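# Structural overview for review
Chain by chain, the residues:
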Amino acid sequence: MEKTKIGEREVPIKPGAKTIVRFSGGNGGPEEAGEWEFWTVVGPERGGDIARCRAGGDPGERWRRMQGAKGYEELYAWASSMAQYMRPASTAEVEVWLNKNQKDARFVEAVQVDGQEMAVAAKYRLRPK
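Residues numbered from 1 in each chain as written. Predicted model: local features only at pLDDT ≥ 70, side-chain atom pairs only at ≥ 80, totals over all residues. Heavy atoms only, no water.

## Details of the packing of aromatic side chains
With the rule as written, the count across this model stands at two aromatic pairs. A ring pair is formed by phenylalanine 23 and tryptophan 97, whose centres lie 6.4 Å apart and whose planes are at 75°; its orientation type is edge-to-face. Residue phenylalanine 23 is located in strand β3 (residues 19-23), and its partner tryptophan 97 is located in helix α3 (residues 91-100); the two are separated by 74 residues in the primary sequence. Classification of phenylalanine 23 by relative accessible area gives buried; the value is 2%. Where phenylalanine 38 meets tryptophan 97, the ring centres are 4.9 Å apart and the plane angle is 70°; that geometry is what we call edge-to-face. Of this pair, phenylalanine 38 sits in strand β4 (residues 34-43) while tryptophan 97 sits in helix α3, and the two are 59 residues apart along the sequence. Note on phenylalanine 38: relative accessible area 1%, which makes it buried. The exposure class of tryptophan 97 is buried, given its relative accessible area of 10%. (Phe/Tyr/Trp six-rings, centres within 6.5 Å; stacked < 30°, edge-to-face > 60°. Helix = DSSP H or I, 4+ residues; strand = E, 2+ residues; numbered from the N terminus. Buried < 20%, exposed > 50% of the residue type's maximum accessible area, 1.4 Å probe, protein only.)

Shown next as structure tokens:
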């Protein structure tokens, strides 16, 4: 099983059907354009939490960037000390992320779940085309 690092913690990466979202840009600017994979860190207390990384990239990278970032102190502390494993995010989890992150979600161009194109409906609900 592959692993990534969050802080000093080695976190196993479980395989599974990946959700890939293509953005035309993002709240941070045009450099956020492109394909992103969504991953869930699983651990006690929180259950799981979702973040995205560039398609084909290290899914732990986003979590490492949280270290020292304002507003992410508690989330990083949890992930770097309690993460049990990472897995590809479910469709439902990606829908929650899109609805919570509308400043980025408005740039969605396309979504694929395990290679299947999905339609994006109002309030960011993903359905097979």
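From this point, things continue past the structure.
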